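Breakdown of the fold
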Amino acid sequence: MELVSLVRLEGVAKHVILPDDSRLDILRDIELAIAAGDHVAIVGRSGSGKSTLLNLMGMLDRPSEGAVWFRGEPVRKMRKGKLDKLRGRNVGFVFQQFNLLAGRTALENVAMPLGYASGRAFWNRRRTATAMLERVGLGHRIESTPEQLSGGEQQRVAIARALVRRPALILADEPTGALDVETGGSVMALLDEIASEADAALVTITHDLHVAARARRHYRLEAGVLTPFDLSAPAAGAAAAAAYDRIDVAPELAESVSAGPVDAATPVDGAPQGAASRPEVETETVEVAS
Amino acid sequence: MTGLIGALGEAWSELRHHKLRVLLSLIGIAVSVGALTAVVALSEYQQQQMAEQSDQSGGRPATVSISAMTTDGSPMDWQAFDAHVNDVSERYGFSYLTRIVNPVTAQVQTPEQVQTLNMRLVDPAYPVIHRTPLLEGRWFEETDAELLAPPVVITEALWDVYGRPDLARGFALTLTGDVAGSYPVIGVTPRVYDGDNEKLATMLYDSYTSRVDALPADTSVTWEVWMPEDGVADIGPVLAMDLRAGVDKSVDVTVSRTDWASRPEAQSSAAMFELITGAIAGLVLLLGGLGLVNIQLVAMRQRIREIGVRRSFGATGGRIFTSVLLESVVATAVAGVIGIALAVAILRAPFVLDMFQGMQDIPPFPMRAAVTGLVAAVAIGALAGFIPALMAVRSNVIDALRF
């Protein structure tokens, strides 16, 4: 039987109409499938549409064209309330700026998503949140507000919050963007570890090579176009590293370098190119996940 | 269920987080709810006082007065008519019936001189019907009529003439003339108003009539019956017919209602007082509500990101709306409770009770006032929370998360 992927983006495009009536394309023809337990990194410059892509995967936004499928169900057809509940149940967000609720304790922040659950999850929310904070090593700071926590600690609280409802999908938007290299490394290690413990798929958006290297599959997003990229392919490794490093410094250089690795990666990673190739993609992702 | 509890919890935690802001915005609400509650309660007090005062003159609702007179100028046979009234009353099963003769005069020995004293003759039901208060001692009992030394109840002014002697030690009025004798004083009624100087003694009708051959020629007797208010409209005319039935054609019997409840103007004036003061308090409340809307709207701009975060973690639009609305409602409800407590404190203050001096039954803090205050507070909260809640739901999650 064909395995149903967790999230699947099919020919997704997103554009907005600007005030002067011109159309701005943010994303173009995105094909992406994320399976349970998958770990994907998406790299791209600022303004390349990373956040929009993440919002589409998180069902916060709807595509202008194409379709988003969640567990085989079309998101387009879902009622708003159901979609909100589905998102709360299955998706955890980690933001670059942490986005913790100011003035609330770490415990209140982590318990917040459980406030939108029902039944036992709702009534046990403080206990569950305490356990989760202990898991991220902040058991002794549960009564601290974000203002009293360091950046790294805040992001750990945010990770605990994202994972407290045991989501199937974790979307991290530049999770280390506001942290120094060392703290960022330990935060990412923790995020990786907890995500794989919970068997949750993790999608990380980053411009940091080291963060991207933790993922099993890599994509590059540029000018709204998503292309797969194999960081682990021996031939492409060095070039890719160079490309990543240059992305921030000299984009036009990076573009010319990255053209090679994209081609090289295609057979390995199997970018979804249409209906015919989809089963192959899913087999591929399952293999990666197992 | 969990949704509502969750929303309430969120609202409460939000309020705790912004204590100062909430506090400042709620002072107005608390004060106006307090004012509103106090107005309703004061109006209740005022009505009670008016009712008690008019009970003292006209009797409690429903008091029916029966009087009789001859139309041909011949003297009225009070004894016969009294027996007739008693017969009829027994048939109706009235439990509060009193004869009233006001006044008859007697000569009394005061410390300085012998002087004329007005006396009122009643039955024991009289002070019940008229809610006549006592300063000291007790009212009449049924058995008092049989005592050889008939008891009397005097007014405070008369008591003062004797230097307010202790009733328990045995203080008696000494009357001379037809009803000469010693009359122990068993009770003192207080002054009705400051400077009330009426010197009056109240005696049982039977005590008086057993000592004289007949009532003085120019006096007249009236009867008063206290009956259930809801039946009075039906009983009245029938009672009048029955009373007229057994008497001579030359006797004209009048049956009329004397209590205040039969006069609507007292009630309408109380309603008017409540309406005007209530409207002023309502306006103040509305102003407080506007202030709250203002503050919540400004606060909402700063909270767009928080709402975005909540939305991304599964909060539905309805849930966001409810929690923001509940923030205002919970806040104003708390302010309302504070306002009501304020009103209770004010109404218990000595200077307010002084205003209603002489009230016998101080009504308990009226539930109606508390409910009115709380409902007003919650309503203004819902009104003030509606626009910010709408704004919170309308905000775009994606834009909210971006900045």
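This structure is a prediction, so every number in the text was calculated from the model and none was measured. (Residues numbered from 1 in each chain as written. Chains lettered and ligands numbered in written order. Predicted model: local features only at pLDDT ≥ 70, side-chain atom pairs only at ≥ 80, totals over all residues.)

1. A short note on the overall build of chain A
- When helices and strands are counted, chain A shows eleven helices and ten strands.
- Each of the 290 residues in chain A was classed as buried or not, and the buried ones make up 48%.
- Partitioning the contacts of chain A with sequence separation of at least 6, the portion at a separation of at least 24 is 69%. (Helix = DSSP H or I, 4+ residues; strand = E, 2+ residues; numbered from the N terminus. Buried ≥ 20, exposed ≤ 12 C-beta atoms within 10 Å, placed from the backbone. Contact = placed C-beta atoms within 7 Å.)

2. As for the overall build of chain B
- A count of helical and extended segments in chain B gives 13 helices and ten strands.
- Taken over 403 residues, chain B has a buried fraction of 35%.
- When contacts within chain B are restricted to residue pairs at least 6 apart in sequence, those whose partners lie at least 24 apart make up 85%.

3. Section: the interface of chain B and chain A
- Contacts between the two partners involve 20 residues from chain B and, on the opposite side, 23 residues from chain A.
- Contributing elements (two or more residues each) for the side of chain B that touches chain A: helix 1 (2–17), helix 9 (304–312), helix 10 (317–348) and helix 13 (397–402) of chain B.
- Of the residues forming the side of chain B that touches chain A, the biggest block, six residues, is contributed by helix 1 of chain B.
- In terms of residue class, the side of chain B that touches chain A is made up of five nonpolar, ten polar and five charged. (Nonpolar A, V, L, I, M, F, W, Y, C, P; charged D, E, K, R; others polar.)

4. Overview of the packing of helix 2 (residues 19–58) of chain B against helix 10 of chain B
Residue and element names in this part refer to chain B.
- For the pair helix 2 and helix 10, interaxial distance at closest approach is 7 Å and the crossing angle is 45°. Classified by the interaxial angle, the pair formed by helix 2 and helix 10 is oblique. You can see that helix 2 and helix 10 cross each other, and the crossing is right-handed. For the pair helix 2 and helix 10, the contacting residues are V22, L26, I29, A30, V31, V33, G34, T37, A38 and A41 in the first and A331, T332, A335, G336, I338, G339, I340, L342, A343, I346 and L347 in the second.
- Residues of the contact of helix 2 with helix 10, tallied by class, amount to 16 nonpolar, five polar and no charged. (Axes fitted to C-alpha atoms, helices over the stretch in contact; angles between N-to-C directions. Parallel < 35°, antiparallel > 145°, perpendicular 65-115°, else oblique. Left-handed = near helix turned anticlockwise from the far one by under 90°.)

5. As for the sheet that holds strand 1 (residues 7–17) of chain A
Residues and elements named next belong to chain A.
- Strand order in the open sheet formed by four strands is 2-1-4-5, with antiparallel pairing between adjacent strands. The open sheet terminates on both sides in strands that have one partner only, identified here as strand 2 (23–34) and strand 5 (73–74).
- Summarising the sheet, strand 1 and strand 4 (residues 65–70) pair through five bridges and their orientation is antiparallel. Residue pairing in the sheet places V7 in a bridge with F70 of strand 4.
- Across the sheet, helix 1 (residues 50–57) lies against strand 1, strand 2 and strand 4, angled at about 125° from strand 1, the strand it touches most. (Pairing = 2+ DSSP bridges.)

6. Quick notes on the sheet that holds strand 6 (residues 91–94) of chain A
Residues and elements named next belong to chain A.
- An order of 6-7-8-3-9-10 is seen for the six strands of this open sheet, with the pairing classed as mixed. Here the strands that pair on one side only, and so sit at the sheet edges, are strand 6 and strand 10 (225–229). On average, each strand axis in the sheet is tilted by 20° relative to the strand beside it, whichever way the strands run.
- Note: strand 6 against strand 7 (residues 169–173), four bridges, orientation parallel. Within the sheet, the bridge partner assigned to F93 lies in strand 7 and is L171.
- The strands that helix 6 (residues 151–163) touches are strand 6 and strand 7; relative to strand 6, the one it contacts most, it runs at about 170°.

7. Thoughts on the environment of T316 of chain B
- You can see T316 of chain B is positioned in the loop between helix 9 and helix 10.
- Of the residues examined, T316 of chain B has 21 C-beta atoms within 10 Å and is grouped as buried.
- C-alpha separation for the pair T316 of chain B and V393 of chain B, spaced 77 residues apart in sequence, amounts to 9.0 Å.
- In contact with T316 of chain B, not counting residues within four places along its chain, are G81, D84 and K85 of chain A.

8. Let's talk about helix 2 (residues 80–90) of chain A
- Within the sequence span of helix 2 of chain A, burial applies to D84, R87, G88 and N90 of chain A.
- Buried residues belonging to helix 2 of chain A abut strand 6 and strand 7 of chain A.

9. As for the packing of helix 6 of chain A against helix 7 (residues 181–197) of chain A
Residue and element names in this part refer to chain A.
- At a minimum axis distance of 10 Å, the contact between helix 6 and helix 7 shows a crossing angle of 15°. What the angle tells us is that helix 6 and helix 7 run roughly parallel. In terms of crossing hand, the pair formed by helix 6 and helix 7 is right-handed. Residue-level inspection shows G151, G152, Q155, R156, I159 and L163 of helix 6 in contact with helix 7, the latter providing T183, S186, V187, L190, L191 and I194.

10. Overview of the nonpolar core
- I34, V110, L133, L169, I170 and A201 of chain A are the most contacted members of the largest nonpolar core, which has 118 residues in total.
- In terms of residues, this core owes the most to one element, helix 2 of chain B, which gives 13 residues.
- Residues contacting I170 of chain A, with those up to four places away along its chain left out, are G92, V94, A162, L163, A195, A200, A201 and L202 of chain A.
- Listed in part, the 43 residues of the second largest apolar core include L97, I129, I154 and L175 of chain B. (Core = buried A, V, L, I, M, F, W, Y, C linked by C-beta atoms within 7 Å.)

11. Some remarks on the confidence of the model for chain B
Residue and element names in this part refer to chain B.
- When pLDDT is averaged along chain B, the result is 84; 97% of the residues meet or exceed 70.
- In the model of chain B, helix 13 stands out as the element of lowest mean pLDDT, 74, in contrast to strand 5 (residues 152–155), which has the highest, 92.
- Interface confidence for the predicted complex, given as ipTM, is 0.76, next to a pTM of 0.64. (pLDDT = per-residue confidence, 0-100.)

12. Thoughts on unusual backbone geometry
- Residue A62 of chain B follows P61 of chain B across a cis peptide bond; omega there is -10°.
- Mapping A62 of chain B onto the fold places it in the loop between helix 2 and strand 1 (63–70).
- N102 of chain B connects to P103 of chain B through a cis peptide bond whose omega is 0°.
- For P103 of chain B, the location among the structural elements is in strand 2 (residues 96–109).
- Phi is positive for D29 of chain A, which is not a glycine, with a value near 45°.
- Within the fold, D29 of chain A resides in strand 2.
- For D29 of chain A, a count of 15 C-beta atoms within 10 Å puts it in the partly exposed group.

13. A short note on the environment of W139 of chain B
Residues and elements named next belong to chain B.
- Tracing the backbone through its elements, the reader meets W139 in the loop between strand 4 (136–137) and strand 5.
- The exposure class of W139 is partly exposed, given the 18 C-beta atoms found within 10 Å.
- As a C-alpha pair, W139 and I186 span 47 residues in sequence and 7.1 Å in three-dimensional space.

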